[in-house]
Amino acid sequence: MRWSNNLALTVLNTVLLRAILPVAAIGVADFAAARGMGLLNLVPVPYPWAIVLSVLVLDLAIYLQHLVFHAVPLFWRLHRVHHADLDIDVTTGARFHPVEIILSMLIKFAVILALGRPRWPCCCSRSC
């Protein structure tokens, strides 16, 4: 029963994200790149380093978000859905309040816009 509840919450969250924020993180990254937005579009950084920097910055942002969701009572009310699972297993990692999932994605969008998407290396004959 617990697994079915956790997985149902995961499906609900996925459907909500696709309905409310259909562009997803890749769409936001492409939007930023097309408009030259974000640090990585303003400062020349070699592509491999831009990828490493992007992963580290996004990971740090998610970690800081997690700390904030533990520290701020309003956010904790949402986040405790994740921690309320009595038996921890693989489904616990996907058990989040739908509002937390939406806020989390909006935070990721903001970080992506501020950072920008690394430019793809030009390795083809078409223009880049």
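Quantities reported herein were computed from a predicted structural model and do not represent experimental measurements.

Peer 1: I'm lost on the confidence of the model for the chain in this one. Help?
Peer 2: Reading predicted coordinates in detail is not appropriate for stretches of low pLDDT. Per-residue pLDDT for the chain has a mean of 85; in total, 92% of the residues score no lower than 70. Averaged over each element, pLDDT in the chain is lowest for helix H1 (residues 2-20) (82) and highest for helix H4 (residues 47-71) (94). Contacts for the low-pLDDT stretch residues 124-128, under 50 throughout, to residues beyond four places or in other chains number one contact.

Peer 1: Any chance you could explain the nonpolar core here in plain terms?
Peer 2: Nonpolar side chains tend to gather and get buried jointly when the protein is soluble and globular. By size, the foremost hydrophobic cluster in this structure holds 10 residues: Leu17, Leu21, Val28, Ala29, Phe96, Ile101, Ile102, Met105, Phe109 and Ile112. When contributions to this core are tallied by element, the ones reaching two or more residues are helix H2 (24-34) and helix H6 (98-115). When residues in this core are grouped by element, the largest group, five residues, is from H6. Once residues within four sequence positions are removed from consideration, Leu21 is found in contact with Leu16, Ile102, Met105, Leu106 and Phe109.

Peer 1: What's the story with the packing of aromatic side chains in this structure? I'm lost.
Peer 2: As enumerated under the stated definition, the model contains one aromatic pair in all. Seen in terms of ring centroids, Phe69 and Phe75 are 4.7 Å apart; in terms of plane orientation they differ by 15 degrees. Their pairing is stacked.

Peer 1: Would you take a moment to explain the environment of Leu17 for this structure?
Peer 2: With respect to the helices, strands and loops of the structure, Leu17 is situated in helix H1. Since its relative accessible area comes to 12%, Leu17 is described here as buried. Separated by 54 residues in sequence, Leu17 and Ala71 have C-alpha atoms that sit 25 Å apart. For Leu17, the contacting residues outside a window of four places in its chain are Pro22, Ile101, Ile102 and Met105.

Peer 1: Please explain the side chain of Ser104 as it appears in this structure.
Peer 2: Locating Ser104 in the fold gives a position in helix H6. Ser104 gets classed as buried once you look at its relative accessible area, which sits at 9%. At 2.7 Å, the side chain of Ser104 forms a polar contact with the side chain of Lys108.

Peer 1: How do you make sense of the layout of surface pockets when you look at a structure like this?
Peer 2: Empty space among the atoms becomes apparent when a probe as large as a water molecule is rolled across them. Reported here for the largest pocket is a volume of approximately 300 Å³. The wall of the largest pocket is formed by 16 residues, among which Phe96, Glu100, Ile101, Ser104 and Lys108 lie closest to the centre. Ranked by residues supplied to the lining of the largest pocket, first place goes to H6 with five residues. Per-class residue counts for the lining of the largest pocket are six nonpolar, eight polar and two charged. In this model, the second largest pocket occupies a volume close to 250 Å³. Together, 16 residues line the second largest pocket, and Ala29, Ser54, Leu58, Arg117 and Pro118 are the ones closest to its centre. Contributing elements (two or more residues each) for the lining of the second largest pocket: H2, H4 and H6. The element that contributes the greatest number of residues to the lining of the second largest pocket is H4, accounting for five residues. A per-class count over the lining of the second largest pocket returns 12 nonpolar, two polar and two charged.

Here is what the cut-offs are and how they apply
- Residues numbered from 1 in each chain as written.
- Predicted model: local features only at pLDDT ≥ 70, side-chain atom pairs only at ≥ 80, totals over all residues.
- Heavy atoms only, no water.
- pLDDT = per-residue confidence, 0-100.
- Helix = DSSP H or I, 4+ residues; strand = E, 2+ residues; numbered from the N terminus.
- Contact = heavy atoms within 4.5 Å.
- Core = buried A, V, L, I, M, F, W, Y, C linked by side-chain atoms within 4.5 Å.
- Buried < 20%, exposed > 50% of the residue type's maximum accessible area, 1.4 Å probe, protein only.
- Phe/Tyr/Trp six-rings, centres within 6.5 Å; stacked < 30°, edge-to-face > 60°.
- Polar contact = N/O pair within 3.5 Å; in protein donor to acceptor, adjacent residues only side chain to side chain.
- 1 Å grid on protein atoms, 1.4 Å probe; cavity = no way out; pocket = protein on both sides within 12 Å on 5 of 7 lines; lining within 4 Å.
- Points joined across faces, edges and corners; volume = space filled by probe spheres on them.
- Nonpolar A, V, L, I, M, F, W, Y, C, P; charged D, E, K, R; others polar.

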